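So you can see what is in the structure, the chains are spelled out below.
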Amino acid sequence: MKSSIELTNQFAKEGSVSFYKKEELNIIRIQNMHAQLDLSLYGAQVLSYIPTNEENLLWMSQNSEYKHGKAIRGGIPLCFPWFGPHESDSSLPQHGFARLSLWNLEKVTHNDDDTTHLSLSLKSSATTKEYWPHDFYSELTVKVGEQLEVSLMTRNTGSNKFKFTSALHSYIKVNDINKLSIEGLKDTSYYWGFEGTTKTQTESLLRITEEENRRYINTKTPCILNNLGTGKKIVIDKSGSQTSVVWNPWKENCKQMKDMPDDGYKSFICVEAANFYDDYIELQAENQHTISTTIRQQ
Ligand code: TA6
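Residues numbered from 1 in each chain as written. Predicted model: local features only at pLDDT ≥ 70, side-chain atom pairs only at ≥ 80, totals over all residues. Heavy atoms only, no water.

(A) View of the overall build of the protein chain. Secondary structure summary: the protein chain contains three helices and 23 strands in total. Summarising its shape, the C-alpha atoms of the protein chain cover approximately 55 × 50 × 35 Å along the three principal directions. Counting across all 298 residues of the protein chain, residues that qualify as buried make up 53%. Once local pairs closer than 6 in sequence are excluded, the contacts in the protein chain between residues at least 24 apart make up 61%. For the protein chain, the accessible area works out to roughly 13600 Å², and carbon and sulfur atoms hold 44% of it. Each charge class in the protein chain can be summarised by its mean position, and for the 32 positive and 37 negative side chains these summaries are 1 Å apart. (Helix = DSSP H or I, 4+ residues; strand = E, 2+ residues; numbered from the N terminus. Buried < 20%, exposed > 50% of the residue type's maximum accessible area, 1.4 Å probe, protein only. Contact = heavy atoms within 4.5 Å. Areas by Shrake-Rupley, 256 points an atom, 1.4 Å probe, with all protein chains shown as cover. Lys, Arg positive; Asp, Glu negative; His and termini not counted. Charge placed at Lys NZ, Arg CZ, Asp CG, Glu CD.)

(B) Main features of the environment of Val 144. Within the fold, Val 144 resides in strand 8 (residues 136–144). For the pair Val 144 and Phe 164, spaced 20 residues apart in the sequence, the C-alpha separation amounts to 27 Å. If we skip the residues at most four places from it in the chain, Val 144 touches Ile 30, Asn 32, Ala 35, Leu 37, Tyr 49, Asp 114, Thr 115 and Thr 116.

(C) Representation of the environment of Lys 70 in the model. For Lys 70, the location among the structural elements is in the loop between strand 4 (45–51) and strand 5 (78–79). Judged by its relative accessible area of 38%, Lys 70 falls in the partly exposed class. Put simply, Lys 70 and Thr 230 are 160 residues apart on the chain and 35 Å apart in space, counted from C-alpha to C-alpha. Apart from residues lying up to four places away in sequence, Lys 70 is in contact with Tyr 42, Glu 65 and Leu 100.

(D) Layout of the pattern of salt bridges. Tallying each qualifying case throughout the model produces eleven salt bridges. Between Glu 54 and Lys 232 there is a salt bridge; the shortest N-O distance is 2.8 Å. Here Glu 54 is found in the loop between strand 4 and strand 5, whereas its partner Lys 232 is found in strand 19 (residues 232–239), with 178 residues between them in sequence. For Glu 54, a relative accessible area of 32% gives the class partly exposed. For Lys 232, a relative accessible area of 34% corresponds to the partly exposed category. (Salt bridge = Lys/Arg side-chain N within 4 Å of Asp/Glu carboxyl O.)

By themselves, these observations are geometric and do not establish any function.
This is how it looks when you write it as structure tokens:
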């Protein structure tokens, strides 16, 4: 693991790229004319995205820990190479090992339009093979501009095909969950949690009034979050994904989660681009797949 001094020497640029430590973890901060973004190298997890003169669009739990071996609660955790519990071995970590791994910072580039691109990599190793026996190379690209774009590319670097599921588990900050409505999922079928049959959403606007754990299938459309009362909308678009997840744990579950304040559920909604159910990804040797999400305020 590179120290923050080594990272600073290699990548820092006065006024636009800096590093700091949060408990055990190295965080990179990007600052440009469009936004400020913090990302943890552990998990390659975006922690915050603050468009200039605006508030953070992402939610981060004030009770989150920043320690190796723990998932960070908030921002955009990467779920890979499986989403949810492992399908056959419950001793393996929920949502895979990507969010629990130290990623390598490969590049930070600045472009003429003052956007900044970051790329981080994770490749198979003896450690990843304790969880998943395949050879792979994953690259996370984060584009910091007028909108936030996060793309997770995975390539099969072995000689046998493999399958995986994944998600960009975005925690979006909302002013008040009771005043939130989500547009874009009308007439879309979804599984609720681990239920085996689907329902179809008939409402054009989804309101969150209790625990929600909807896994929409065959959907490619953006979701628009209306923060009622503020006049602000957040648009979450995606590609390389036909599954969208909407999750809020609500009151009781939230109390059980140590890394979330008791009333945390009131101020976020997870809207996730995913590959799950029939939308799992199968890669032949040398093939690759990219799942992306964009988040912007309107
Ligand atoms: O995406 C929804 C979900 O899979 C829920 O079932 C819930 O467990 C959530 O993710 C959070 O998972 P985590 O392991 O981060 O507590």
